[in-house]
Amino acid sequence: MSRSDFEEALSRAVAGEPLKGAGTGPFNVVLHEVATSAAGSDARADAIEVARLVYNQLDPERDNGIPWSGPACPACGT
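Only a predicted model underlies this, so the values are computations on that prediction, with no experimental measurement involved.

A. Quick look at the overall build of the protein chain. Secondary structure assignment for the protein chain yields 3 helices and 2 strands. Of the regular secondary structure in the protein chain, the N- to C-terminal order runs α-α-α-β-β. Taking all 78 residues of the protein chain together, 29% fall into the buried category. Long-range contacts, defined as pairs at least 24 residues apart, comprise 49% of the intrachain contacts of the protein chain with a sequence gap of at least 6. Surface exposure of the protein chain reaches about 4900 Å², of which carbon and sulfur atoms provide 54%.

B. Layout of the pattern of salt bridges. Considering all chains together, one arrives at 3 salt bridges under this definition. Between Arg-3 and Glu-7 there is a salt bridge, with the nearest N and O atoms lying 3.9 Å from each other. Here Arg-3 and its partner Glu-7 are both found in helix 1 (residues 3-14), 4 residues apart, which amounts to about one turn of the helix. Since its relative accessible area comes to 27%, Glu-7 is described here as partly exposed. Note that Glu-7 and Arg-52 form a salt bridge whose closest N and O atoms lie 2.6 Å from each other. Here Arg-52 lies in helix 3 (residues 42-57) and Glu-7 lies in helix 1, a separation of 45 residues in the sequence. Taken together, the shared-partner salt bridges connect Arg-3, Glu-7 and Arg-52 into one network.

C. Representation of the packing of aromatic side chains within the structure. For the coordinates displayed, the defined rule picks out 1 aromatic pair. Here Phe-6 and Tyr-55 contribute two aromatic rings whose centre-to-centre distance is 4.3 Å and whose plane-to-plane angle is 25 degrees, an arrangement assigned as stacked. Here Phe-6, found in helix 1, pairs with Tyr-55, found in helix 3; they are 49 residues apart in sequence, far enough to count as distant. Taking the relative accessible area as the measure of exposure, Phe-6 reaches 0% and is therefore buried.

D. Highlighting the nonpolar core. Formed by 15 residues in total, the largest nonpolar core has its most connected members in Phe-6, Leu-10, Phe-27, Leu-31, Val-34, Ala-51 and Tyr-55. Mapped onto this core, the elements with two or more residues apiece are helix 1, helix 2 (26-36) and helix 3. No other element matches the 5 residues that helix 2 contributes to this core.

Parameters at a glance
- Residues numbered from 1 in each chain as written.
- Predicted model: local features only at pLDDT ≥ 70, side-chain atom pairs only at ≥ 80, totals over all residues.
- Heavy atoms only, no water.
- Helix = DSSP H or I, 4+ residues; strand = E, 2+ residues; numbered from the N terminus.
- Buried < 20%, exposed > 50% of the residue type's maximum accessible area, 1.4 Å probe, protein only.
- Contact = heavy atoms within 4.5 Å.
- Areas by Shrake-Rupley, 256 points an atom, 1.4 Å probe, with all protein chains shown as cover.
- Salt bridge = Lys/Arg side-chain N within 4 Å of Asp/Glu carboxyl O.
- Phe/Tyr/Trp six-rings, centres within 6.5 Å; stacked < 30°, edge-to-face > 60°.
- Core = buried A, V, L, I, M, F, W, Y, C linked by side-chain atoms within 4.5 Å.

Functional significance is not addressed by these values, which are geometric in nature.
Right, here's the structure in full:
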């Protein structure tokens, strides 16, 4: 999943539309937390931060059935 795909999925979750078709792993769990938290709440801000952390932890080759479509990080190779 590229960064732009992630940002789109996160935007959809903020709008209350959970990501579909990406498996049931931690990524979907955090997007569900974003989608179900109250807009403007600390819980929403925390859920968004956790979603970004989970995205940054994804295995670039494959994690939770989400294919990686971006280049490897030049600094760390992931």
